[in-house]
Amino acid sequence: PNLGLLKQERLIVSFNNLTGRVPGRFLNLEALNVLMLDGNNFDHLTIPSVIYDMPSLKVLGLSFLNLRGEIGADISNLDLTDLFLNNNMFEGEIPAAIGTMTNLVRLHMDDNSLEGTIPTELGDLVNLKGL
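Residues numbered from 1 in each chain as written. Predicted model: local features only at pLDDT ≥ 70, side-chain atom pairs only at ≥ 80, totals over all residues. Heavy atoms only, no water.

Draft legend 1. Structural detail: the nonpolar core. Residues Leu35, Ile51, Leu60, Leu62 and Ile98 are the most contacted members of the largest nonpolar core, which totals 32 residues. Excluding anything up to four places from it in sequence, isoleucine 98 contacts Ile75, Ser76, Leu104, Leu107, Met109, Leu122 and Leu125. (Core = buried A, V, L, I, M, F, W, Y, C linked by side-chain atoms within 4.5 Å. Buried < 20%, exposed > 50% of the residue type's maximum accessible area, 1.4 Å probe, protein only. Contact = heavy atoms within 4.5 Å.)

Put into structure tokens, the structure is as follows:
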């Protein structure tokens, strides 16, 4: 059942000890613009691929999820204003493609294992107020 969520604009389920996988049914939530999944125990080791197919998403919270690997350039395909990836186990460099996310106001990637230099492209984020 869709539980009347098709028009849901916000889904905030942070720090609830949720397990399993992020449901593909999120794709049916066409109006969803805030998705906060922080601090749960999902089975994902990387950013759940279902998130890349959510065109109206503006705020994405994936902090404290023990996500691993690199932050892929695909994240830049989202038209986000707020991106929270802090307190995970991401490695590698910050993707330069994040510099194309011109609507970003807040970008949090602290407390990971990122390395290298900060891409100069992040200087193009003229709306950024929190990094």
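There's plenty left to go through after this.
Draft legend 2. A look at the sheet that holds strand E10 (residues 113–114). Taken together, three strands build an open sheet; the order of strands is E6-E8-E10 and the sheet is parallel. Each having just a single partner strand, strand E6 (68–70) and E10 make up the two edges of the open sheet. Alignment of E6 against strand E8 (residues 89–92), held across three bridges, turns out to be parallel. Bridge pairing in E8 links glycine 69 to phenylalanine 90. (Pairing = 2+ DSSP bridges. Helix = DSSP H or I, 4+ residues; strand = E, 2+ residues; numbered from the N terminus.)

Draft legend 3. Looking closely at the pairing of E8. Of the pairings in the sheet, the one linking E8 to E10 comprises two bridges and is parallel in character. Within E10, the position partnered with glutamate 91 by the bridge is serine 113.

Draft legend 4. Structural view of the environment of glutamate 91. With respect to the secondary-structure elements, glutamate 91 resides in strand E8. Owing to a relative accessible area of 46%, glutamate 91 belongs among the partly exposed residues under this scheme. On a C-alpha basis, the gap between glutamate 91 and arginine 68 in space is 6.9 Å, while along the polypeptide they are 23 residues apart.

Draft legend 5. Representation of unusual backbone geometry in the model. Residue phenylalanine 15 is not a glycine yet carries a positive backbone phi of 55 degrees. Relative to the assigned elements, phenylalanine 15 resides in the loop between strand E1 (10–12) and strand E2 (19–20). We note that asparagine 17 has phi near 60 degrees; this positive angle belongs to a residue other than glycine. Structurally, asparagine 17 is set in the loop between E1 and E2.

Draft legend 6. Looking closely at the environment of isoleucine 51. Tracing the backbone shows isoleucine 51 in the loop between strand E4 (41–42) and strand E5 (59–61). Considered as a pair, isoleucine 51 and isoleucine 75 are 24 residues apart in the sequence and their alpha carbons are 9.0 Å apart. Sequence-distant contacts of isoleucine 51, that is, excluding residues within four places in its chain, are made with Leu35, Leu37, Leu57, Leu60, Leu62 and Leu78.

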